[in-house]
Amino acid sequence: MQPGRLGWKKNGVCVLLAGILVLGAAGCGEKNGDETKITPSVQPEITEPAPQPTEPAEPTRAAAAEPTEPVKEVRTNFYVSTLDEEIPSLSEAWKDYFSVGIALTANDLRNELKEELILQQFNSMTCGNEMKADALLDRNCPVLSFKSCDGMLQFCMEHGIKMRGHTLVWHSQVPEWFFMEGYSNQKDAVFVSREVMLERMENYIRQVMEYVNTTYPGVVYAWDVVNEAIAPGDGDPDGMRVEDSLWYQVIGADFVDKAFEYARKYADPEQKLFYNDFNTYEPAKRLAIVKLANRIKEQGNIDGIGMQSHIGMSYPSLDDFETALCKFSETGLEVHITELDINLDSNTEEDLMKEGKRYKRLFFLLKNLMDNNKANVTNVTLWGLTDDGSWLNKDGKRYPLLFNQLLETKPAFWGALLDDGIPLY
Ligand code: XIL
């Protein structure tokens, strides 16, 4: 391929012209959108008139290689203020592959600037906390309160965004009193029987689904029915989480089957039912999830597997990620990447670029696997909008997402778009 020549730079984009690579001192490597001044090259003064050719000269090689049209644009500025400039839309870019989602908190929607960015970028939403049992249950059980998530559901309905319902049955963020006789929150409280707990589970799933589906019809397209039920090493023969799961302890290992049975019973027919978990690429966990998913699939009650994908800068390897994605897809179920973030703990330009490359490699992998019918990914959701709002950011030093706290794009954003400016390696 003919090397390109850097022609001009507009809004941090270098326009590559066919020709020879000439990198002037102005360069194109600056960050933060500085306009690069291109100084016209100084022409030698012509003192004598050039001899006129008698016949039209044959175009020389050099002349033939002169640039005529811009052929390719390569971005060099990855920190674009989304308040000042238009940027490409992720959901638009990936529309032939999967929907692109965002996990939000109710607070994110109180900020008009964020709201605008969300509407431009995403076509799927997940409530970060607002639809979990501890947000919906109050001790006047069995009456549920949906104040926490009403605004987000309303926003989705108004703007035609689809929601992943997250999450119905999870060992975490569910009050202990929900499992106790008389909903007691006392120290000496005792667990209800399996039968009572199954009734409570069914009632809970029914009420959540009925409320959401009647008040906001058509908004929720997928439910995380059960979250994080697998934890190999806890002593269960099928790798179920035992120690910290009251669902397991009160109902038994089949609480997952029951949850999916109830969910199918009350879900709208077009809603997809998902099993969702983290570290799904760990071999023992992967195998246990496939086994579980196949069992529930035989019962006709599951449509997809959610790979949370809270990943690090080097762990897991993308080979392991690929293996899990392919194995899950081989079950015939859909796969959602439900909670993607990369736990980067540095914000040097070099590390942010490395993060951008990792995002690019991941999206590149998804695309390749889908192009080759090896994966059936129907949604990719980022677990948060801006770094400062990430759940990982307890120490204020995490940079896991696509936008920074100034609502600027990061290299990660361009990586997720497979932008040419981000190298794959
Ligand atoms: C997280 C939220 O983002 C935090 O705000 C909260 O404190 C803890 O839970 N797996 C899940 C998500 O399924 O619901 C979790 O969300 C992150 C891990």
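Conventions adopted
Residues numbered from 1 in each chain as written. Predicted model: local features only at pLDDT ≥ 70, side-chain atom pairs only at ≥ 80, totals over all residues. Core = buried A, V, L, I, M, F, W, Y, C linked by C-beta atoms within 7 Å. Buried ≥ 20, exposed ≤ 12 C-beta atoms within 10 Å, placed from the backbone. Helix = DSSP H or I, 4+ residues; strand = E, 2+ residues; numbered from the N terminus. Contact = placed C-beta atoms within 7 Å. Near = placed C-beta within 6 Å. Nonpolar A, V, L, I, M, F, W, Y, C, P; charged D, E, K, R; others polar. Axes fitted to C-alpha atoms, helices over the stretch in contact; angles between N-to-C directions. Left-handed = near helix turned anticlockwise from the far one by under 90°. Pairing = 2+ DSSP bridges. pLDDT = per-residue confidence, 0-100. Expected span 1.5 Å × (residues − 1).

Looking at the nonpolar core
A general trend in soluble globular proteins is that nonpolar side chains are found buried together.
And then number 1: Ranked by internal contacts, the top residues of the largest apolar core, which has 100 residues, are Val225, Ala259 and Ala263.
And then number 2: With eight residues, helix α6 (residues 194-215) is the largest single contributor of residues to this core.
And then number 3: Among all residues touching Val225, those that are not within four sequence positions of it are Leu168, Val169, Ala259, Phe260, Ala263, Leu273, Phe274 and Tyr275.

Notes on the site of the ligand
And then number 1: If you check the shell around the ligand, you find Gly128, Asn129, Asn227, Phe278, Gln308, Glu339 and Trp391 and nothing else.
And then number 2: Class assignment of the residues belonging to the shell around the ligand gives a composition of two nonpolar, four polar and one charged.

Some details on the packing of helix α10 (residues 318-330) against helix α11 (residues 349-371)
And then number 1: Taken N-terminus to C-terminus, the directions of α10 and α11 make an angle of 35°; their axes are 11 Å apart at the nearest point. Like other packed secondary-structure pairs, α10 and α11 cross with a definite hand, here right-handed. Here Leu318, Glu322, Leu325 and Cys326 of α10 come into contact with α11, specifically with Arg361, Leu362, Leu365 and Leu369.
And then number 2: A per-class count over the contact of α10 with α11 returns six nonpolar, no polar and two charged.

As for the pairing of strand β5 (residues 124-127)
And then number 1: The alternating pattern of β5 places Ser124 and Thr126 on one face and Met125 and Cys127 on the opposite face, and all of these are buried.
And then number 2: As judged from the four bridges shared by strand β4 (residues 99-104) and β5, these two strands associate in the parallel manner. Of the residues in β5, the one forming a bridge with Gly101 is Ser124.
And then number 3: Where β5 and strand β6 (residues 162-170) come together, three bridges link them in parallel fashion.

Concerning the packing of α6 against helix α8 (residues 255-266)
And then number 1: Their axes nearest at 9 Å, the elements α6 and α8 cross at an angle of 35°. Pair α6 / α8 crosses with right-handed handedness. Residue-level inspection shows Leu198, Met201, Glu202, Ile205, Arg206, Met209 and Glu210 of α6 in contact with α8, the latter providing Lys258, Ala259, Tyr262, Ala263 and Tyr266.
And then number 2: Its residues assigned to classes, the contact of α6 with α8 comprises eight nonpolar, no polar and four charged.

Let's talk about the environment of Phe403
And then number 1: Note that Phe403 resides in the loop between β12 (377-382) and α12 (411-416).
And then number 2: A residue is classified by how many C-beta atoms lie within 10 Å of it, and Phe403, with 23 of them, is buried.
And then number 3: Each residue touching Phe403, except ones within four places of it in the same chain, is listed here: Thr82, Leu385, Thr386, Glu408, Thr409, Lys410 and Phe413.

Brief notes about the environment of Tyr359
And then number 1: If you trace the backbone, Tyr359 turns up in helix α11.
And then number 2: Distance in space between the C-alpha atoms of Tyr359 and Leu340 is 9.7 Å, their sequence separation being 19 residues.
And then number 3: Setting aside its immediate chain neighbours within four residues, Tyr359 contacts Ile342, Ala412, Gly415 and Ala416.

Regarding the confidence of the model for the protein
And then number 1: When pLDDT is averaged across the protein, the result is 88; 83% of the residues are at 70 or more.
And then number 2: A low-confidence stretch, residues 14-51 stays under pLDDT 50, and its non-local contacts, those more than four residues away or across chains, total 61 contacts.
And then number 3: Within the model, the stretch residues 56-63 combines pLDDT values under 50 with one contact to residues more than four positions away or in other chains.

Focus: the environment of Leu333
And then number 1: Positionally, Leu333 belongs in the loop between α10 and β11 (334-342).
And then number 2: C-beta crowding within 10 Å serves as the criterion here: with 22 such atoms nearby, Leu333 is assigned to the buried category.
And then number 3: Along the primary structure Leu333 and Ile305 are separated by 28 residues, whereas in three dimensions their C-alpha atoms are 6.8 Å apart.
And then number 4: Leaving out residues up to four positions away in the same chain, Leu333 has contacts with Ala293, Lys297, Ile302, Asp303, Gly304, Ile305 and Phe328.

Digging into unusual backbone geometry
And then number 1: The linkage connecting His166 with the following residue, Thr167, adopts the cis geometry, with an omega of 0°.
And then number 2: By the secondary structure assignment, Thr167 is in strand β6.
And then number 3: Tyr315 connects to Pro316 through a cis peptide bond whose omega is 0°.
And then number 4: In this structure, Asn279 takes a positive phi of about 45° despite not being glycine.

Description of α11
Spacing of three or four residues puts side chains on the same side of an α-helix, whose turn is 3.6 residues.
And then number 1: Here α11 contains 23 residues, and its C-alpha end-to-end distance of 32 Å stays within 8% of the 33 Å for a straight helix at 1.5 Å per residue.
And then number 2: Among the residues of α11, those classed as buried are Leu352, Glu355, Gly356, Arg358, Tyr359, Lys360, Leu362, Phe363 and Leu366.
And then number 3: Here the buried face of α11 lies against α10, β11, β12 and α12.
And then number 4: Where α11 ends, the next residue or the one after it, Asn373, has phi of about 55°, a positive value.

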